[in-house]
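Descriptive analysis of the structure
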Amino acid sequence: MTHTLPAPLDVKLMNLTASVLFVGCAMAVLAAGVGWVLRYPGFAIARIVVQGELVHNNAVTLRANVGPHLTGNFFTVDLRAAREAFEQVPWVRSAQVRRVYPASLRVELQEHDAVAFWGPESGSSMVNSHGEVFEANVGDVEQEGLPRLLGPQGSSAEALKMVGLLQPVFRPLGLEVEELELTGRGGWRARLDSDAMVELGGGTPEEVVLRTQRFARTLTQVAAQYGRRVDALESADLRHAGGYALRLRGVTTVIPDAAGAVAGATGGVRRR
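Quick notes on the rules
Residues numbered from 1 in each chain as written. Predicted model: local features only at pLDDT ≥ 70, side-chain atom pairs only at ≥ 80, totals over all residues. Heavy atoms only, no water. Salt bridge = Lys/Arg side-chain N within 4 Å of Asp/Glu carboxyl O. Helix = DSSP H or I, 4+ residues; strand = E, 2+ residues; numbered from the N terminus. Buried < 20%, exposed > 50% of the residue type's maximum accessible area, 1.4 Å probe, protein only. Core = buried A, V, L, I, M, F, W, Y, C linked by side-chain atoms within 4.5 Å. Contact = heavy atoms within 4.5 Å. Axes fitted to C-alpha atoms, helices over the stretch in contact; angles between N-to-C directions. Parallel < 35°, antiparallel > 145°, perpendicular 65-115°, else oblique. Left-handed = near helix turned anticlockwise from the far one by under 90°.

Brief notes about the pattern of salt bridges
- Counted by the stated rule, this structure contains 10 salt bridges.
- Across the pair Glu 178 and Arg 191 runs a salt bridge, and its minimum N-O distance is 2.6 Å. Within this pair, whereas Glu 178 is found in strand E8 (residues 177-182), its partner Arg 191 is found in strand E9 (residues 188-192), the two being separated by 13 residues in sequence.
- Residue Glu 178 is classed as partly exposed on the basis of its relative accessible area, which comes to 33%.
- With its nearest N and O atoms 2.9 Å apart, the salt bridge here joins Arg 239 to Asp 237.

Okay, structure coming up:
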């Protein structure tokens with residue numbers, strides 16, 4: 001039978017020391033390699049490829065504006081920080097950034113599609129097709145006839161949906177909703193491009209649209225009874241049960257005693 005004697009203590013210490021030195025040397029070599037990679041000019045980002053349907057930006061100006069804010073090389077650049085840098089550019093809604101070997105970044109951009117102004121005329125806020133509010137230079141807007149939406153914070157998507165439901169109701173009359181406001185009490189108020197103000201009232205979108213449709217169907221007939229056209233409308237109030245009150249240029253509704261002012265297809269009006 002063969003017996004293996006334990007290694008002397010000094011041999012064990014030598015083996016441990018050799019292992020520690022080997023690991024230390026390996027780590028030093030690795031660190032030197034990483035440092036070389038970080039500093040090697042050949043790994044610098046040489047190209048930034050910008051893709052997407054760009055209307056208010058172009059690839060040249062985007063690279064010039066965002067490039068200086070990108071730190072690191074192909075391997076070390078922070079893609080999240082790069083994405084955020086692109087999304088800070090005016091009109092950019094979202095950005096996706098990825099590496100393309102050997103030395104490029106590919107950026108897919110989506111711009112805001114402005115469909116309405118948001119807030120007072122003195123502001124610079126707009127609403128995109130997703131109902132999101134964003135800041136932009138309104139002077140860059142190329143579309144004409146965009147409506148202005150107003151309402152409490154967080155109501156932009158609701159207002160955009162409502163104006164989309166109301167525009168088809170007024171257009172057959174040759175009218176457009178120029179401004180739509182959701183009031184603090186939950187009612188809707190519209191200003192038409194003829195400068196007429198229409199109180200639409202509250203309720204579900206279906207209820208508001210139904211009241212507006214009844215108003216639109218009879219407005220031409222009511223205005224004609226008094227020798228007026230639709231564009232003579234100055235104001236209307238649709239918040240009355242079973243009818244509406246209106247004011248035409250030179251004509252106003254009668255308010256009989258306590259019955260309220262209601263003008264329907266045969267509503268009572270008088271000349272002013």
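Brief notes about the nonpolar core
- With 38 residues, the main nonpolar core has Leu 149, Leu 180, Leu 200 and Leu 233 as its most contacted residues.
- Mapped onto this core, the elements with two or more residues apiece are strand E4 (114-118), helix H4 (156-170), E8, E9, strand E10 (197-201), helix H5 (205-225), strand E11 (233-237) and strand E12 (245-248).
- In this structure Leu 233 touches Leu 192, Ser 194, Ala 196, Val 198, Phe 215, Leu 219, Leu 246, Arg 247, Leu 248 and Arg 249, once residues within four positions along its chain are discounted.
- One finds Ile 48, Val 50, Leu 62 and Leu 105 within the second-largest nonpolar core, a separate group that totals 16 residues.

Focus: the packing of H4 against H5
- Where H4 contacts H5, the axes come no closer than 10 Å and their chain directions differ by 15 degrees. Taken together, H4 and H5 sit at an angle that is classed as roughly parallel. Two packed elements cross with a definite hand, and for H4 against H5 that hand is right-handed. Facing H4, whose interface residues are Met 162, Leu 165, Leu 166, Val 169 and Phe 170, H5 presents Pro 205, Val 208, Val 209, Thr 212, Gln 213, Phe 215 and Ala 216.

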